[in-house]
Amino acid sequence: MEFQYVYIKKRSEFGRQCFFTSEPGALSCDIPPDPELAAQFIHVNPVHRGTQVGCEMSEHEVSTDRAEFATTGINHAEGGWARDINPQDVEQTTRFKKKVEKDDMYMSSVLQLGALMEHCIKQNNTLDMYEEYFGGQQDGGPAGEGATGAKTVNVFRDPCPQRRAVSSLSWSPDATRLAAAYTSLRFQSSARDLPVQSFVWDVENPSRPDYTLTPPDSLVSLEFNPKESFVLAGGTYRGRVCVFDRRRGALPVDLSPLETGHADPVYSTVWVNSKSGAEIFTASTDGMVLWWDTRKLSEPIESLILDVNKTQEPSLRAAQGATVLEYETTIPTKFMIGTEQGTVIQCNRKGKTQTEKIAAVYQAHLGPVQQVQRNPAFLKNFITIGDWSAKVWSEDCKESAIFWTNPGEVRLTGGSWSPSRPSVFFTSKADGTVDVWDVLYQQRLPVLTIQVGDSPLETLRVQEAGALLAAGSADGQITLLELSDTLVNSGKNDRLVLTAMFERETRREKILEGKNREARLLKKMKEGNSAVSERSSTISPGLTASARLEKEQTEVELIEDAQSTFFDTVCQVKSARRDVQMSQMAEKGVVADLDGAEFQAPDLAAADDADQPPDAVSGTAVPGSASRQSATKVSSTTGKRSSTIAKKSSTSAATADVSSTAATKASSTGAPAPESETETTSPTDATETETAGSSSLVTAVDDPAALGRALSVAEQIARVVDSLEEAVDDLLDPTSEETGATEDQSTEQTES
Amino acid sequence: MLQFYVSVSVQTQFVVDEVSNVIKEAVESTIGGNTYQQAKVNQWASSVVESCLGALTKLQKPFKYIVTSVIMQKTGAGLHTASSCYWDNSTDGSCTVRWENKTMYCIVSVFGLAI
């Protein structure tokens, strides 16, 4: 900023004397520090400040150059020419060749190289490196290679606010639409005023149904007409049958009256392959199967009562309730019914009488049969789904299924064969899962388990192409699954292998059936002849009850015999031991009775002293009879310890005659009495004890009255001897002798 | 000693009040109402000085002016300035204005020396 100021100064004032005065230092500003203000600020240390040494650009692009690479092999046909030779030029090449040939090393190098070349050429000729090994085969393992899976394509939810279960699903013939019947199948469910509409969904559009069907009461089963995709037939909860035509609105075109229809919900509705194309038949748990003409639903054209008992008049009371119908359009006159009682009834429509109509009955399941379906490739085999397992049957085997899945933990609610793969079938379970089984791969477990939802699945339907599977659940939700190719496309050999498998299983069942029949016949015969002979043949089914009893008896006897012999031998051994001990005691006998033993004992002890180690005896030198006895006992124990078995045996042998004499004098009982004391003496003192023993024996004879008393005492003494011997083994140091002695003293005192 | 009483007209006298007002106005117009911003303080200081000087020269007085300004952030520190001069007391003068707002102080000193 430029400042310009023109000022005027009087000439007189030029050069005026400046009167300088000094201005003292004046404080121009004084701001005292204010710590309160400092509190408002924080010390920032360290302070982060980003820096970048790089130019800031508004737009910057970095990209490496693209380089295309290709990997190829090279076939070296010609090469190795020198650089100045043009390979195309024949003259140059010939000249070069001539020059090279004149080279010295030419011959040898050619030979060398030639050998190597020959090896390579030979190798090449023997093996065709580029041979295709498995060219002809396609992908197809048992369940197909590649990922087996299913993904949920769409979920259709019941648009009504109150959710009802999906009871039946049907695909339209052109596979664009799915008809679903909604109803509440719970017995006497509270909300009987649930909305009655059922819906037909467009497969692509899950947000709203394609069109609505309004039957008089909720539909339980619903089926598209396989010939015309506009027409549907349905059976209602109250037993009425109705036909809908999409072109003519939501209400049924025709409706059967309550009186002529079923008495129970119509669980299954199937279109019949007839000339008019307007015939359906329905089944219900009231035991009836009715045929209708859809043009005129006022009354059924034919009916069949499911009474399988072979009586003249089929009665409705004995009839079985039907839950599912099976009909194959290629076999127009036969059909199958699955019942509530768990049987599958094969029927022939052309039969005149009841017995003709009901061709065969199969006992399939323990509960209601949820689904019966023939295998689309093998019409003789059909699958039944019910209770906890799925069973595959052959028409020929009436007794049992040819194979079945292991009973699962969850109830099965529906299922179907795969239309495209004859070995694959699906089952839906009450825990909301769909199992995919492949019988060629493994029969124990499903190949794939798909958890569709949480609520139980009620019904399952596979679309005819085999790729789409619709599963309806109890909360009104229909899930559309798309199966992976491996589950849809079948391999070349599948059919052959499956045929072989079915035949094999059928044959096995037939053989089993035959065997069972034989066994039953045999049993019947046996029971008829039981009065004649009881010892029947060795065939286990032919064994009568009495023969079996006999067998058991002999076994018991045998056991008892064995036991008795065992005990006898034990007793014998024990008694033998006891006798030996008695004889041992007899050799040491001194005193007549217990009292007398006291006096004798010290003498024996004194005799023992000579042989025993002095310390043991001195340790036991205590006044008193009891102590004396203990002392002698102790000494005896020590003596026993030191003495060898040989000594004992010798003494026993030496005094064997003594014992024998004692026995003859029938004072064996008396002998044990003094033996109580004699045992305490040392076995080494053979001679002295001998004499003493004999003397004691003589004196002992005087008291026969004490025989009985002495007997028991003798036995007790025998036991004491055993315990003493054990104690001998345990006693290892002199210090514990006295404790052992006290123990023995106590035992002896109790006895005496 | 001889004392010369020189009559000095009002026009050639440093009038403190007038200068003080001028300064106050200049400061107020430049930084009045602003909070302390470290990025702008430099610019403020120079503009305060410039506007002061501009206003002083408009007074059309035969003076040499020296203007200094100090802007300090209110952080609780203390500030003390002093000045001392050797001049002709009758004709020259100085003025210091201390202006503050909530976040900063501004001290402007003007020395005027008669030509």
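Scroll up to find the structure this text is about.
Per-chain numbering applies: the sequence of each chain, read as written, is numbered from 1 onward. Here every chain gets a letter starting at A, and every ligand a number starting at 1, in the order they are written. In view of the model being predicted, local features appear only for residues whose pLDDT reaches at least 70, and side-chain atom pairs are presented and counted only at 80 or more, with totals across whole chains, interfaces and linings using the full set of residues. Side-chain calculation: all heavy atoms of the structure are included, whereas hydrogens and water are not.

Some points on the overall build of chain B
And step 1. In this text, helices come from DSSP runs of H or I with a minimum length of four residues, and strands from runs of E with a minimum of two, each type numbered from the N-terminal end. Summing up its helical and strand segments, chain B has two helices and four strands in all.
And step 2. Of the regular secondary structure in chain B, the N- to C-terminal order runs α-α-β-β-β-β.
And step 3. Burial statistics for chain B: of 115 residues in total, 39% are counted as buried.
And step 4. Here the analysis covers contacts within chain B between residues at least 6 apart in sequence; of these, 71% occur between residues at least 24 apart.
And step 5. The protein chains shown are the only cover counted for residues, whose accessible areas, like all others here, come from Shrake-Rupley with a 1.4 Å probe. For chain B, the exposed surface amounts to about 6,300 Å²; the carbon and sulfur share of it is 52%. Accessible area is worked out with a 1.4 Å probe on protein chains only. A residue is then buried under 20% of its type maximum, exposed over 50%, and partly exposed in between. The criterion used for residue contact is that any of the two residues' heavy atoms lie within 4.5 Å.

Points about the pattern of salt bridges
Residue and element names in this part refer to chain A.
And step 1. One side-chain nitrogen of Lys or Arg within 4 Å of one carboxyl oxygen of Asp or Glu is enough to make a salt bridge. All told, the structure shown has 25 salt bridges over all chains when counted by the stated rule.
And step 2. Across the salt bridge formed by Asp396 and Lys510, the nearest N and O atoms sit 3.9 Å from each other. Highlighted residues: Asp396 in the loop between strand S21 (389–394) and strand S22 (403–404) and Lys510 in helix H6 (residues 494–528), separated in sequence by 114 residues.
And step 3. Among the residues examined, Lys510 registers a relative accessible area of 42% and is labelled partly exposed.
And step 4. Between Arg508 and Glu505 there is a salt bridge, and its shortest N-O distance comes to 2.8 Å. Pair noted here: Arg508 and Glu505 are both in helix H6, with a separation of three residues, about one helical turn.

Here's the deal with unusual backbone geometry
And step 1. The phi angle at Asp387 of chain A is positive, at roughly 30°, despite the residue not being glycine.
And step 2. The exposure class assigned to Asp387 of chain A is buried, which follows from its relative accessible area of 10%.
And step 3. One non-glycine residue, Gln60 of chain B, adopts positive backbone phi at about 60°.
And step 4. With respect to the element layout, Gln60 of chain B can be found in the loop between helix H2 (38–58) and strand S1 (63–73).

Structural notes on the interface of chain A and chain B
And step 1. Contacts between the two partners involve 28 residues from chain A and, on the opposite side, 32 residues from chain B.
And step 2. When chain A packs against chain B, close to 2,800 Å² is buried across both sides, 57% of that on carbon and sulfur atoms.
And step 3. Our count for the contact surface shared by chain A and chain B stands at zero salt bridges.
And step 4. Any pair of nitrogen or oxygen atoms within 3.5 Å is treated as a polar contact; in protein, a donor-acceptor pairing is required on top of that, and neighbouring residues in sequence qualify only through side-chain atoms on both sides. The tally of links from chain A across to chain B stands at ten residue pairs in polar contact (both at pLDDT 80 or more).
And step 5. The set of elements that each furnish at least two residues to the side of chain A that touches chain B consists of strand S1 (21–31) and helix H1 (35–38) of chain A.
And step 6. Sorting elements by how many residues they give to the side of chain A that touches chain B places S1 of chain A first, with eleven residues.
And step 7. Split into classes, the residues belonging to the side of chain A that touches chain B amount to 19 nonpolar, four polar and five charged.
And step 8. Here S1 of chain A runs beside strand S2 (residues 79–87) of chain B; their pairing, made up of eight bridges, is antiparallel. The residue of S2 of chain B that forms the bridge with Asp30 of chain A is His80 of chain B. Buried area: the sum, over both parts, of the accessible surface (1.4 Å probe) that disappears when the two are put together. Residue classes follow a fixed rule: Ala, Val, Leu, Ile, Met, Phe, Trp, Tyr, Cys and Pro count as nonpolar, while Asp, Glu, Lys and Arg count as charged, and any other residue, Gly among them, counts as polar. Only strands joined by at least two bridges in the DSSP assignment are considered to pair.

Describing the packing of helix H1 (residues 16–31) of chain B against H2 of chain B
Residue and element names in this part refer to chain B.
And step 1. The N-to-C vectors of H1 and H2 enclose an angle of 140°; their axes lie 9 Å apart at closest approach. Classed by the angle they form, the pair H1 and H2 counts as oblique. Of the two elements, H1 crosses H2, and the hand of that crossing is right-handed. Mapping the contact onto sequence places Val19, Val22, Ile23, Ala26, Val27, Thr30 and Ile31 in H1 and Trp44, Ser47, Val48, Ser51, Cys52, Ala55 and Leu56 in H2.
And step 2. Split by residue class, the contact of H1 with H2 holds eleven nonpolar, three polar and no charged. The angle between two axes is taken between their N-to-C directions and runs from 0 to 180 degrees, where each axis is a line fitted to C-alpha atoms and a helix contributes only its stretch in contact. Roughly parallel means an angle under 35 degrees; roughly antiparallel means over 145; roughly perpendicular covers 65 to 115; every other angle is labelled oblique. Should the near helix be turned anticlockwise from the far one by less than a right angle, the crossing is termed left-handed; should it be turned clockwise, right-handed.

Considerations on the pairing of strand S27 (residues 457–462) of chain A
Residues and elements named next belong to chain A.
And step 1. Sheet topology note: the S27/strand S28 (residues 468–473) ladder contains five bridges and is antiparallel. Residue Arg461 lies in a different strand from S28, and its bridge partner there is Ala470.
And step 2. Between S27 and S28, which follow one another and run antiparallel, lie five residues, and Gly466 among them has a positive phi close to 90°.

Description of the side chain of Gln477 of chain A
And step 1. With respect to the helices and strands, Gln477 of chain A occurs in strand S29 (residues 477–483).
And step 2. Each residue touching Gln477 of chain A, except ones within four places of it in the same chain, is listed here: Val155, Phe156, Arg157, Val166, Ala471 and Gly472 of chain A.

Here we look at the nonpolar core
If you look at soluble globular proteins, the nonpolar side chains tend to sit buried side by side.
All names here are of chain B.
And step 1. Only buried Ala, Val, Leu, Ile, Met, Phe, Trp, Tyr and Cys residues count toward a nonpolar core, and they belong to the same one when joined by side-chain atoms within 4.5 Å. Of all hydrophobic cores here, the largest spans 23 residues; its most connected members are Ile23, Val27, Ile31, Val108 and Val110.
And step 2. Where this core is concerned, the elements lending two or more residues are H1, H2, S1, strand S3 (93–100) and strand S4 (104–114).
And step 3. Counting residues per element, this core draws most heavily on H1, which supplies six residues.
And step 4. Sequence-distant contacts of Val110, that is, excluding residues within four places in its chain, are made with Phe14, Val19, Ile23, Leu56, Tyr65, Ile66, Val67, Gly93, Ser94 and Cys95.

Here we look at empty space enclosed by the protein
All names here are of chain A.
And step 1. Every definition here rests on a 1 Å grid over the protein atoms only: cavities are sets of points where a 1.4 Å probe fits but cannot get out, pockets are open sets enclosed by protein on both sides within 12 Å along at least five of seven lines, and lining residues have some atom within 4 Å of a point. Grid points are joined across faces, edges and corners, and a volume is the space filled by probe spheres set on the points. Counted by the stated rule, this structure contains one cavity of 30 Å³ or more.
And step 2. Considering only enclosed or pocket space, the largest cavity measures out at about 40 Å³ in volume.
And step 3. Lining the largest cavity, in full, are Phe403, Trp404, Thr405, Phe425, Trp437, Val439, Gln442 and Gln443.
And step 4. In the lining of the largest cavity, the residues fall into five nonpolar, three polar and no charged.

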